[in-house]
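Secondary and tertiary structure notes
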Amino acid sequence: MAEARTIGSLPVPNAQELAGNCNGPDEQIRERYIRPEASSEEVINNDHGNMSIPIIDLNKLLSPQSSEEECVKLRSACQYWGFFQLINHGVPDEVIANLRNNLVEFFSQPLDAKKECSQLPNSLEGYGQGFVGSNDQKLDWADMLYLQVQPSDSRDLRFWPTYPASFRHSIEAYSSETENIALCLLQFMAKAVGVEPKSLLSIFEGQARGMRMNYYPPCWQADKVLGLSPHTDPGGLTLLLQVNDVQGLQIKRDGKWFFVNAMNGALLVNIGDTLEILSNGKFRSVEHRAVIHPSRERISAALFHHPCQNLVISPLPDFVKDGKVHYRTISYRDLLTEYFTAELDGRNRLEKMKLEP
Ligand SMILES: O=C(O)CCC(=O)C(=O)O
Ligand SMILES: [Fe+2]
């Protein structure tokens, strides 16, 4: 997201270092990291039946005998959950394993080594923390490495780690193996709701993709902090890979948080704001957050698919069959600027764009 390159953020401590220095019962967590909502809101941990997020099989979508039935599941997943676990996605195990190993190794280096790819002033690309706009903003218990990965000529290699030696190659391989997954899903999503597949495809084909690799250090008072504040993703589809075996993603449904048990080998897919608006609300961009483990680090990698920077987003005519437009028009640039800087978090930003029924 080009905006990530032009938005300056206030410097804040490195969370991994902070955690390393204060991980004992005698230490107080700094005030700016204390988040009462981390433990005050109800969390559903039940992973059975209609309480668990849907599983979609890409193979079944692609085979003529099962496609229609799987499309019905996909439609329901996009309408009611905004999230699903994608299995049989075709990304080779080895490509995922290499990325996983390299990420674990990258984050386990001493801080000085990671600082070789530090964010620069006025940019969120590179190694550092998420956007911080004021000195009293609450802080997330996390560090990140954000890279623009596609198109390949937009890469800024200053921020691409050179250690481990195979890291750049791993990101490249993962990025190219996942290239068509989101585009393919978009076509099935359109088909599932009776819309011409080209309508969504043409908006995302060949556009920018960015990868946000999140590092969540453990915290002995894990229920007092948050790894990633509640938010919705701004773009089209996000492919989220849980890198190690520590769970921590929660999504909001009917006012309650649901703990997601990411399946090993699956990719978590979620819908971003742009897709909710384009689909006139048919597909839902769902609020999610990351929580912290008391004794183990957690790593995740989110691959964001963006539309063209200059896109002016409004519901597509194919999705406005009943004649009612439910969202205001907004440029993607403004949407991104709001994502990075606005005070509104969670779904509130998106709610503001809704027109009165
Ligand atoms: O770490 C996670 O599970 C969530 C990451 C996420 O939502 C993001 O990077 O936008
Ligand atoms: Fe997200």
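Counting restarts for each chain: residues are numbered from 1 in the order of the written sequence. By the order in which they are written, chains take letters starting at A while ligands take numbers starting at 1. Local features in a predicted model are, by the rule used here, given only for residues with pLDDT of at least 70; side-chain atom pairs are given and counted only at 80 or more, and totals for whole chains, interfaces and linings are based on all residues. Side-chain measures here rest on the full set of heavy atoms in the structure, leaving out hydrogens and waters.

This brings us to the nonpolar core. Within the largest apolar cluster, 72 residues are counted, with the highest numbers of intra-cluster contacts made by Tyr174 and Met213. Looking at which element gives the most residues to this core, the answer is helix α7 (residues 167-192), with 14 residues. Note on definitions: a residue-residue contact is assigned when non-hydrogen atoms from the two residues lie within 4.5 Å. Non-local contacts of tyrosine 174, meaning those with residues more than four positions away in its chain, are made with Val91, Val95, Ile96, Leu99, Met211, Leu241, Leu267 and Leu303. By size, the runner-up hydrophobic cluster in this structure holds 21 residues, among which are Ile53, Phe258, Val260 and Ala302. Here, the term nonpolar core denotes a set of buried Ala, Val, Leu, Ile, Met, Phe, Trp, Tyr and Cys residues that are joined through side-chain atoms within 4.5 Å. Exposed residues in this analysis have more than 50% of their type's maximum accessible area, buried residues have under 20%, and partly exposed residues fall in between, with area computed by a 1.4 Å probe over protein chains only. Helix and strand definitions follow DSSP, with helices as H or I runs of at least four residues and strands as E runs of at least two, each counted in order from the N terminus.

So, about the environment of serine 176. The residue serine 176 is located in helix α7 in this model. Serine 176 sits in the partly exposed class, given a relative accessible area of 38%. In the structure, serine 176 is positioned 27 residues away from valine 149 in sequence and 9.7 Å away in space, judged by C-alpha atoms.

Here the focus is the site of ligand 1. The rule for a residue being near a molecule or strand is that one of its heavy atoms must lie within 4 Å of it. Neighbouring ligand 1 are 13 residues; Asn214, Tyr216, His288, Arg298 and Ser300 lie closest to it. Any N or O atom pair separated by 3.5 Å or less is treated as a polar contact, with the protein-specific requirement of one donor-capable and one acceptor-capable atom, and with residues adjacent in sequence counted only for side-chain atom pairs. The side chain of histidine 288 places a nitrogen or oxygen atom 3.0 Å from an oxygen atom of ligand 1. Between an oxygen atom of ligand 1 and a side-chain N or O atom of arginine 298, the distance comes to 2.9 Å. Here the Shrake-Rupley method, with its probe set to 1.4 Å, supplies the accessible areas, and only the displayed protein chains count as covering residues. Here ligand 1 has 300 Å² of accessible area as a free molecule, and 98% of this is covered by the chains. Counting residues per element, the ones that place at least two in the shell around ligand 1 are β6 (209-216), β7 (228-231) and β13 (298-305). Examining the composition of the shell around ligand 1, we find that four residues originate from one element, β13, more than from any other. Residue polarity follows a fixed list, in which Ala, Val, Leu, Ile, Met, Phe, Trp, Tyr, Cys and Pro are nonpolar, Asp, Glu, Lys and Arg are charged, and the others, Gly among them, are polar. Here the residues of the shell around ligand 1 sort into six nonpolar, four polar and three charged.

As a further point, take the UniProt feature "domain: Fe2OG dioxygenase" (unreviewed entry) in the protein. UniProt records the feature "domain: Fe2OG dioxygenase" (unreviewed entry) for residues 207-307 in the present numbering. Taken end to end, residues 207-307 is 6% helix and 43% strand, and its first and last C-alpha atoms sit 6 Å apart. UniProt positions are given in the numbering used here, feature names are shortened, and annotations may be inferred rather than shown by experiment.

A few words now on helix α4 (residues 67-81). Residues three or four positions apart in an α-helix share a direction because the helix packs 3.6 residues into each turn. Its 15 residues place the ends of α4 20 Å apart at the C-alpha level, agreeing with the 21 Å of an ideal helix rising 1.5 Å per residue. Restricting attention to buried positions, one finds in α4 the residues Ser67, Glu70, Cys71, Leu74, Ala77, Cys78, Gln79 and Trp81. Residue glycine 82 follows α4 closely and has a positive phi angle near 70°. Multiplying 1.5 Å by the helix residue count minus one yields the expected span of that helix.

This next bit is on the coordination of the iron ion (ligand 2). When a metal carries six donors in an octahedron, the ideal angles between them are 90 or 180 degrees, while four donors in a tetrahedron ideally lie at 109.5 degrees. As a rule, N, O and S atoms within 2.8 Å of a metal are its donors, except that Na, K and Ca use 3.2 Å; water is not among the atoms, so sites may look incomplete. Surrounding the iron ion (ligand 2) are the protein donor atoms His231 (NE2), Asp233 (OD) and His288 (NE2), at 2.1 to 2.2 Å. The motif formed by the donor residues of the iron ion (ligand 2), counted along the single chain, is H-x1-D-x54-H. Overall, the relative accessible area of 3% leaves aspartate 233 in the buried class.

Judged by how many residues are buried, β6 sits mostly within the fold: eight of eight residues are covered. Burial along β6 is two-sided: the residues Arg209, Met211, Met213 and Tyr215 and Gly210, Arg212, Asn214 and Tyr216 are all buried. For two strands to be treated as a pair, DSSP must find at least two bridges joining them. Of the pairings in the sheet, the one linking strand β5 (residues 143-150) to β6 comprises seven bridges and is antiparallel in character. In the strand pairing of β6, glutamine 148 is matched with glycine 210. As paired elements, β6 and β13 share eight bridges and run antiparallel to each other. Pairing of arginine 212 across the sheet is with alanine 302, part of β13.

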